[in-house]
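# Understanding the architecture of this molecule
Chain residues, written in single-letter form:
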Amino acid sequence: MKKFNEVTLNITVAIIDFLYQGRDFQRFWVLEEIARAPYFAFLSVLHLRESLGLRGPEHIYLMKEHFAQTLNETEHLEYMESRGGNAYWVDRFVAKHLVLIYYWLNVVYYWLAPRSAYHLSYEVEIHAAETYAKFLTKHPNDQEIIKIMNDEIHHSQELKNAMDLIGGTSNG
């Protein structure tokens, strides 16, 4: 599944890179809109599992982590909105449709293969941090982007910890 995740991410990144050349904050806004979907999906599946009596020992910890990640990604989204990231209807249209697809794919993926779902999100968070780092080479004094980049690194570590927690090793 790791290879599937890498191919999926690479194709998606190539498309978004092409669509958002020279439009950093619109790209960031779309990415942050989409970035929340896995955490909402993880919470949905965890809630369903709990409702079905399938709660595991890591359940409460994971719910707290994913809720905090959702709030943090929402803060990033609001910052990108303040920078004009959602100013154009086409960007809103693309993001809202992509997020619906990505959410439901993550619900199914997390239900069937939670470690693989975490691995995909881990790769997405690593890519996000790299994207912000690249932006910072041209705008090194943007303190908010530095903070957001560090949040993405932190999220990737949280996802790695979740993989370890539910499956022993983090090999996806």
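Residues numbered from 1 in each chain as written. Predicted model: local features only at pLDDT ≥ 70, side-chain atom pairs only at ≥ 80, totals over all residues. Heavy atoms only, no water.

### Here's the deal with the pattern of salt bridges
Basically, it comes down to this: When a carboxyl oxygen of Asp or Glu is within 4 Å of a side-chain nitrogen of Lys or Arg, the pair counts as a salt bridge. Buried means the residue's accessible area, taken with a 1.4 Å probe over protein chains only, is under 20% of the maximum for its type, while exposed means over 50%, and partly exposed covers the values in between.
Applying the stated criterion across every chain, the model contains eight salt bridges. Between glutamate 50 and arginine 55 there is a salt bridge whose closest N-O contact spans 3.3 Å. For glutamate 50, a relative accessible area of 30% translates into the label partly exposed. Residues joined by salt bridges that share partners form a network here, namely Glu33, Arg36 and Lys96.

### Structural notes on the confidence of the model for the protein
As a reminder, the rule being used: Residue-level confidence of the predictor is summarised by pLDDT, bounded by 0 at the bottom and 100 at the top. Numbering of helices and strands starts at the N terminus; helices are DSSP runs of H or I of at least 4 residues and strands are runs of E of at least 2.
Overall, the prediction assigns the protein a mean pLDDT of 92, with 97% of residues at 70 or greater. Taken element by element, the protein is modelled with least confidence in helix α1 (residues 2-19), mean pLDDT 88, and with most confidence in helix α3 (residues 59-82), mean pLDDT 96.

### Section: the environment of methionine 80
Put simply, the rule reads: Here a residue-residue contact requires only that any non-hydrogen atoms of the pair lie within 4.5 Å.
Within the secondary structure layout, methionine 80 lies in helix α3. Its relative accessible area of 0% is what places methionine 80 among the buried residues. The sequence separation of methionine 80 and lysine 160 amounts to 80 residues, and the corresponding C-alpha distance is 26 Å. Apart from the residues lying within four places of it in its own chain, the contact partners of methionine 80 are Phe25, Phe28, Trp29, Glu32, Gly85, Tyr132, Ile145 and Ile148.

### Focus: the packing of helix α2 (residues 24-51) against α3
For any two helices packed against each other, one specifies the crossing angle of their axes together with the interaxial distance. Note the cut-off: Angles shown run from 0 to 180 degrees and are taken between the N-to-C directions of axes, each axis being a line fitted to C-alpha atoms and, for helices, limited to the stretch in contact. These descriptions rest on fixed angle ranges, namely under 35 degrees for roughly parallel, over 145 for roughly antiparallel, 65 to 115 for roughly perpendicular, and the rest for oblique. By the definition used in this description, the sense in which the near helix is turned from the far one sets the handedness, with an anticlockwise turn below a right angle giving left-handed and a clockwise turn giving right-handed. Residues are grouped as follows: nonpolar covers Ala, Val, Leu, Ile, Met, Phe, Trp, Tyr, Cys and Pro; charged covers Asp, Glu, Lys and Arg; every other residue, Gly included, is treated as polar.
At a closest axis distance of 9 Å, the pairing of α2 and α3 adopts a crossing angle of 160°. The orientation of α2 relative to α3 falls into the category roughly antiparallel. Judged by the twist between their axes, the crossing of α2 over α3 is left-handed. Broken down by class, the residue content of the contact of α2 with α3 amounts to 15 nonpolar, six polar and six charged.

### Examining a nonpolar patch on the surface
This is how it is decided: To count toward a patch, a residue needs a relative accessible area over 30% and no salt bridge; like charges are then connected within 9 Å, while nonpolar side chains (Val, Leu, Ile, Met, Phe, Trp, Tyr) are connected within 5 Å. With residues, only the protein chains shown are counted as cover, and all accessible areas are computed by Shrake-Rupley using a 1.4 Å probe.
Together, Leu48, Leu52, Leu54, Val108, Trp111 and Leu112 line one region of the surface with nonpolar side chains, adding up to about 600 Å² of accessible area. Considering each element in turn, the nonpolar patch owes the most residues, three residues, to helix α4 (residues 89-112).

### Considering the packing of aromatic side chains
So the rule is basically this: We call Phe, Tyr and Trp rings a pair once their centres come within 6.5 Å, taking the six-membered ring for Trp, and we label the pair stacked below 30 degrees between planes, edge-to-face above 60, and tilted otherwise.
One pass over the structure, following the stated rule, counts eleven aromatic pairs. Both rings, one in phenylalanine 25 and one in phenylalanine 135, keep their centres 5.5 Å apart while their planes meet at 80°; by these two values the pair is edge-to-face. A residue pair is termed long-range when its members are at least 10 positions apart, and phenylalanine 25 in helix α2 and phenylalanine 135 in helix α5 (residues 114-138) qualify at 110 residues. The exposure class assigned to phenylalanine 25 is buried, which follows from its relative accessible area of 12%. On the numbers, 6.1 Å between centres and 85° between planes, the contact of tyrosine 39 with phenylalanine 42 is edge-to-face. Taken together, the residues tyrosine 39 and phenylalanine 42, both in helix α2 and three residues apart, mark about one turn of the helix.

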